[in-house]
Amino acid sequence: AAAAATDCSPGVAFPTNLLGHCRDYVLQQTCAVFTPGSKLPEWMTSAELNYPGQPYLAKLYCCQELAEIPQQCRCEALRYFMALPVPSQPVDPSTGNVGQSGLMDLPGCPREMQRDFVRLLVAPGQCNLATIHNVRYCPAVEQPLWI
Amino acid sequence: VGSEDCTPWTATPITPLPSCRDYVEQQACRIETPGPPYLAKQQCCGELANIPQQCRCQALRFFMGRKSRPDQSGLMELPGCPREVQMDFVRILVTPGFCNLTTVHNTPYCLAMDEWQWNRQFCSS
């Protein structure tokens, strides 16, 4: 691993079960899981239980999660978040399994779509958080520098 | 090869998606758009809805333009918000959470939006 990876190692600089609210926000924004009448199965819309009637809280909590990660490691955390293994099958959220972090493939909303929005989370129009080069975006975020 | 002729949506030097540029700048760059905040989304989705389903993804590729050709892009390089950041948002404009518009793939998303994948589906000339 490169020297930079030791500074932002998963489990050291940020928890490995990170960004649960960000996953909710990404699903909300990209996949419209909160939209009444969406064609998604009921279990997927259960995320609304976390923010009843207050869907804007997903963004607020997500930005808080990101803000708590050291500036130098935010992009690393997003890379980790995008690459995390996820349950291959839908799981009842009451079992807690889908409570793990990471992106999920959903019918009509594959992970690839969600990744594009994850890259935007730190941008000025979203959480507006500075990253490693003192800019508010993640340069070359697709490259898994932490591997 | 789709039967629809998408040339009108991928040939003009000026983007046919002015409100989408506003919406992208609002969402990616925190730039205020004219009117109430929801208006940019509404108008952008209207612009996309007016493009035939078969041509939406091609129109969005054309709107983004090639990374090496900022002069041929509908997006502007902005301080603190480079074109590449804005392009990430353009790629998801048709998804269920945003405009929710079906595309050539009969789903509300565009595939092969990375520039290296364009040659099969998008003619740059």
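Every chain begins its residue count from 1, and numbering advances along the sequence as written. Here the convention is simple: chains get letters from A, ligands get numbers from 1, in the order in which they are written. The predicted nature of this model means local features are confined to residues of pLDDT at least 70 and side-chain atom pairs, given and counted, to a pLDDT of 80 or more, with totals for whole chains, interfaces and linings taken over all residues. Calculated side-chain values reflect all of the structure's heavy atoms, with hydrogen atoms and water omitted.

A. Seen up close, the state of the cysteines. All names here are of chain B. By convention in this document, the label disulfide applies to cysteine sulfur atom pairs within 2.5 Å. In the structure shown here, the tally under the stated rule is nine disulfides over all chains. In this model, Cys20 is linked to Cys44 through a disulfide, with the two sulfur atoms separated by 2.1 Å. Between Cys20 and Cys44 the disulfide shows an S-S torsion of about 90°. By sign, it is right-handed. Here Cys44 lies in helix α3 (residues 37–49) and Cys20 lies in helix α2 (residues 18–29), a separation of 24 residues in the sequence. Like Cys20, the residue Cys44 is buried in the burial classification. The disulfide that involves Cys29 links it to Cys81, with 2.1 Å between the sulfurs. Handedness of the Cys29-Cys81 disulfide follows from its S-S torsion of about -70°: it is left-handed. With a gap of 52 residues between them, Cys29 in helix α2 and Cys81 in the loop between α4 (56–64) and α5 (83–90) connect regions that are remote in the sequence. Where helices and strands are cited, they refer to DSSP runs of H or I of at least four residues and of E of at least two residues respectively, numbered from the N terminus. Each residue's exposure class comes from its accessible area (1.4 Å probe, protein chains only) as a fraction of the maximum for that residue type: buried when under 20%, exposed when over 50%, partly exposed otherwise.

B. Highlighting the nonpolar core. Ranked by size, the top nonpolar core spans 65 residues in total, and within it Leu66 and Leu121 of chain A together with Leu48, Leu60 and Leu93 of chain B carry the most contacts. Within the residue set of this core, elements represented by two or more residues are α2 (20–31), α3 (56–68), α4 (74–83) and α5 (111–118) of chain A together with α2, α3, α4 and α5 of chain B. Once residues lying within four places of it in the same chain are set aside, the contact partners of Leu66 of chain A are Leu19, Cys22, Arg74, Leu78, Leu121, Val122, Cys127 and Leu129 of chain A. By nonpolar core is meant a set of buried Ala, Val, Leu, Ile, Met, Phe, Trp, Tyr and Cys residues that side-chain atoms within 4.5 Å join together. Counting five residues, the second largest nonpolar core, distinct from the first, contains Leu27, Cys31, Met104 and Leu106 of chain A. Any two residues having at least one pair of non-hydrogen atoms within 4.5 Å are treated as being in contact.

C. Region of the structure containing the interface of chain A and chain B. Listed per partner, the contact involves 19 residues of chain A and 20 residues of chain B. Buried area, as used here, totals the accessible surface that two parts lose on assembly, with accessibility defined by a 1.4 Å probe and the loss added over both. With both sides pooled, the region where chain A packs onto chain B buries about 1,600 Å², and carbon together with sulfur makes up 60% of that total. Throughout this description, the term salt bridge denotes a Lys or Arg side-chain nitrogen within 4 Å of a carboxyl oxygen of Asp or Glu. Where chain A meets chain B, there are two salt bridges. A salt bridge links Arg91 of chain B to Asp116 of chain A; its shortest N-O distance comes to 2.9 Å. Counting of polar contacts relies on pairs of N or O atoms within 3.5 Å, with two restrictions inside protein: one atom must be capable of donating a hydrogen and the other of accepting it, and residues adjacent in sequence are counted only when both atoms are side-chain atoms. Summed over the shared surface of chain A and chain B, the number is eight residue pairs in polar contact (both at pLDDT 80 or more). Looking at the side of chain A that touches chain B, the elements that each hand over two or more residues are α2 and α5 of chain A. If one sorts the elements of the side of chain A that touches chain B by residue count, α2 of chain A sits on top with four residues. Residues that form the side of chain A that touches chain B fall into these classes: ten nonpolar, seven polar and two charged. Ten residue types, Ala, Val, Leu, Ile, Met, Phe, Trp, Tyr, Cys and Pro, are classed as nonpolar, four, Asp, Glu, Lys and Arg, as charged, and the remainder, Gly among them, as polar.

D. Structural context of the packing of α2 of chain A against α5 of chain A. Residue and element names in this part refer to chain A. Close contact between α2 and α5 brings their axes to 9 Å; oriented N to C, the two are set at 110°. Taken together, α2 and α5 sit at an angle that is classed as roughly perpendicular. α2 and α5 meet at a crossing whose hand is right-handed. Between α2, through Tyr25, Val26, Leu27, Gln29, Thr30 and Cys31, and α5, the contact on the second element is made entirely by Met113, Gln114, Phe117 and Val118. Looking at the contact of α2 with α5, its residues break down into seven nonpolar, three polar and no charged. Axis geometry follows a simple rule: fit a line to the C-alpha atoms, using only the stretch in contact for helices, then measure angles between N-to-C directions, giving values from 0 to 180 degrees. By definition in this entry, angles of less than 35 degrees are roughly parallel, angles greater than 145 are roughly antiparallel, angles of 65 to 115 are roughly perpendicular, and the rest are oblique. Take the far helix as the reference: if the near one is turned anticlockwise from it by less than a right angle, the crossing is left-handed, and if turned clockwise, right-handed.

E. Looking closely at the pattern of salt bridges. Counting across every chain of the model gives nine salt bridges over all chains. Put simply, Glu76 of chain A and Arg79 of chain A hold a salt bridge, and the shortest N to O gap is 2.3 Å. One end of the pair is Glu76 of chain A and the other is Arg79 of chain A, both in helix α4 and three residues apart, which spans about a single turn. Its salt-bridge partner being Glu115 of chain B, residue Arg66 of chain B comes within 3.5 Å of it at the nearest N-O pair. Of the two residues, Arg66 of chain B sits in the loop between α4 and α5 while Glu115 of chain B sits in the loop between α5 and α6 (118–121), which places them 49 residues apart along the sequence.

F. Here's a closer look at the environment of Gly102 of chain A. Mapped onto the elements of the fold, Gly102 of chain A is located in the loop between α4 and α5. Classification of Gly102 of chain A as buried rests on a relative accessible area of 1%.

G. Spatial organisation of α3 of chain B. Residue and element names in this part refer to chain B. Looking only at α3, the buried set comprises Ala40, Cys44, Cys45, Glu47 and Leu48. For α3, the buried positions fall inside an angular range of 155° around the axis, keeping them on one side. Structurally, α3 contributes buried residues whose contacts are with α2 and α4. Taken from the helix axis, the directions to the C-beta atoms give the arc we talk about.

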